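# Summary of structural features
So the chains spell out like this:
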Amino acid sequence: MPTLFFYCLLLLLSGCNNLYFYSPKTQESPLLASQDPGYQDHWLSSQSGNRLHLQYHFADTRSDRLVIHFHGNAGNLSETGEKVLWLLEHGFDVLMFDYSGYGHSTGRATSEALAQDAETLLRFVSRNPMTRHKEITIIATSMGSAIALEGLALTGLENHFNQLLVDSSFDLYSLLARDVVADYPGGRLWRHLIPWFVDDRASPVHTAIQLKQLPVIISHCRDDRLIPYQRATGLYDSLHTNKQWWLLENCQHARGFTNDYPGYQQQLLFRLNMGNTDLFADSESKSSEPTRTTSDNSTSMGNDSFSSSQAK
């Protein structure tokens, strides 16, 4: 039995950079009508060689503030909109997109492809007239944080963005895999072997360290059973830019900013509304208990291969 488990473990880890870390879903679910008064679907040719599905949601009134969402490793944008679409009613435009192999995006989800997708998306945002907003915030959830950080490291475009929210993330791929394997029967006996099989070169701690001045909020639910919040503290400690730590209470993985937690939504909204002014006046502040409040038409865009269609 130990030998069988060992070979199964090797098989699992040999796919960690691909099948294990990414769980794309190609079939899209309809967005909630209450969150979706109007949007545009767009397609962007990625450096990965694949065609990415972008979805641009408009605030009720003309907005000069944009939120870009990098979703997690599972599903697709139709299942993750609840984390950011609530910002529409507060005057923010929202840009969501699917990585290669997710949703309507073509290709296969690999670490190389997703890094190239992030690079393509960030370059597109930095030079496209459609995304020339006065303030641009990146919200990256779970695995999306690793993808966004790698994209920022590859492009060096951090100066184009006003702030970055990293929610429910981790420090090293190998430690993340070790935590998961440890939950399997006998996994604690073999978890020390994981660094031999998992490539940590693009892990968040190594890409985040390249940020020089982009303000970053690291948030995590204390009760997260999928990624322990200790994984996020390692990422926080690696940052050398202005940063804040939010440890959210009584919520599960990547749920803190959904409609289930209006208090945390209001806290985030307060920060976004502050813009750059005094946002990180108390640099490197660490809060274990954040304040809680109740409460097809085709066009060519420069050098980007781009097409869009509008839906209501």
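Worth saying up front: this structure is predicted, and the values here are computed from it rather than measured.

Glancing now at the state of the cysteines. A full pass over the atoms with the stated rule returns 1 disulfide. What pairs with C221 in a disulfide is C251, and their sulfur atoms sit 2.1 Å apart. Looking along the S-S bond of the C221-C251 disulfide, the torsion reads about -105 degrees, which is the left-handed sense. Of this pair, C221 sits in strand β9 (residues 216-221) while C251 is found in the loop between β10 (243-248) and α10 (262-274), placing the two residues 30 residues apart along the sequence. When sorted by exposure, C221 lands in the same class as C251, which is buried.

Taken as a whole and judged by the stated rule, the model has 7 salt bridges. Between E79 and K25 there is a salt bridge, with the nearest N and O atoms lying 2.7 Å from each other. A residue pair is termed long-range when its members are at least 10 positions apart, and E79 in helix α3 (residues 77-80) and K25 in the loop between β1 (23-24) and β2 (39-45) qualify at 54 residues. Looking at K25, the relative accessible area reads 34%, which means it is partly exposed. A salt bridge links R255 to E82, with the shortest nitrogen-to-oxygen separation between them at 2.5 Å. Of this pair, R255 sits in the loop between β10 and α10 while E82 is found in the loop between α3 and β6 (93-97), placing the two residues 173 residues apart along the sequence. According to the relative accessible area criterion, R255 is partly exposed, its value standing at 24%. Shared partners join several salt bridges into a network, and the residues in it are E82, R255 and D260.

Looking now at unusual backbone geometry. At S168, a residue that is not glycine, the phi angle is positive and equals roughly 60 degrees. By the element assignment, S168 lies in the loop between β8 (163-167) and α6 (173-181). Unusually for a residue other than glycine, N250 sits at a positive phi of about 60 degrees. You can see N250 is positioned in the loop between β10 and α10.

Moving on, we come to the packing of aromatic side chains. Evaluated as defined, the whole model comprises 9 aromatic pairs. Relative to F58, the ring of Y56 has its centre 4.6 Å away and its plane inclined at 35 degrees; by these criteria the two rings are tilted. In this structure F58 comes out as partly exposed when scored by relative accessible area, which is 30%. Aromatic side chains Y99 and Y102 sit 5.5 Å apart centroid to centroid with 85 degrees between the ring planes, which places their arrangement in the edge-to-face category. Relative accessible area serves as the criterion here: at 0%, Y102 is assigned to the buried category. Taken together, the ring pairs in this structure connect F70, F97, Y99 and Y102 into an aromatic cluster.

In a regular helix each residue adds 1.5 Å, so 17 residues correspond to 24 Å; helix α4 (residues 111-127) covers 25 Å between its end C-alpha atoms and thus fits that length. Within the span of α4, buried status applies to A113, L114, A115, D117, A118, E119, T120, L121, L122, F124 and V125.

With that settled, consider the packing of α4 against helix α5 (residues 143-155). One way to put it is that α4 packs onto α5 with a least axis distance of 8 Å and a crossing angle of 65 degrees. At the point where α4 passes α5, the crossing takes the right-handed sense. Contacts between α4 and α5 involve L114, A115, A118, E119, L122 and R123 from the former and I147, A148, E150, G151, L152, L154 and T155 from the latter. Considered class by class, the residues forming the contact of α4 with α5 number 8 nonpolar, 2 polar and 3 charged.

The predicted model of the chain has a mean per-residue pLDDT of 82, with 75% of residues at 70 or higher. Across residues 1-19, where pLDDT falls below 50, the model places 27 contacts with residues more than four positions away in sequence or in other chains. Low pLDDT, under 50, characterises residues 288-312; the stretch is placed with 63 contacts to residues that sit more than four places away or in other chains.

Attention now moves to the side chain of N162. Structurally, the position occupied by N162 is in the loop between α5 and β8. A polar contact is formed between the side chain of N162 and the backbone nitrogen of I136, at a distance of 2.7 Å.

It is worth spelling out the pairing of β8 at this point. Counting buried positions along β8 yields 5 of 5 residues, so the element is predominantly enclosed. The two faces of β8 match: Q163, L165 and D167 on one face and L164 and V166 on the other face are all buried. Strand direction decides the pairing type here: strand β7 (residues 135-141) and β8, joined by 5 bridges, are parallel. Bridged to T137 within β8 is Q163. With α5 bridging β7 and the parallel β8, this β-α-β connection has right-handed handedness. Bridge analysis of β8 against β9 gives 4 bridges, and the strand direction is parallel. In the sheet register, L164 faces β9, and the bridge partner there is V216.

The rules behind these values
Residues numbered from 1 in each chain as written. Predicted model: local features only at pLDDT ≥ 70, side-chain atom pairs only at ≥ 80, totals over all residues. Heavy atoms only, no water. Disulfide = S-S within 2.5 Å. Helix = DSSP H or I, 4+ residues; strand = E, 2+ residues; numbered from the N terminus. Buried < 20%, exposed > 50% of the residue type's maximum accessible area, 1.4 Å probe, protein only. Salt bridge = Lys/Arg side-chain N within 4 Å of Asp/Glu carboxyl O. Phe/Tyr/Trp six-rings, centres within 6.5 Å; stacked < 30°, edge-to-face > 60°. Expected span 1.5 Å × (residues − 1). Axes fitted to C-alpha atoms, helices over the stretch in contact; angles between N-to-C directions. Left-handed = near helix turned anticlockwise from the far one by under 90°. Contact = heavy atoms within 4.5 Å. Nonpolar A, V, L, I, M, F, W, Y, C, P; charged D, E, K, R; others polar. pLDDT = per-residue confidence, 0-100. Polar contact = N/O pair within 3.5 Å; in protein donor to acceptor, adjacent residues only side chain to side chain. Pairing = 2+ DSSP bridges. Right-handed = clockwise from strand over helix to strand, strands pointing away.

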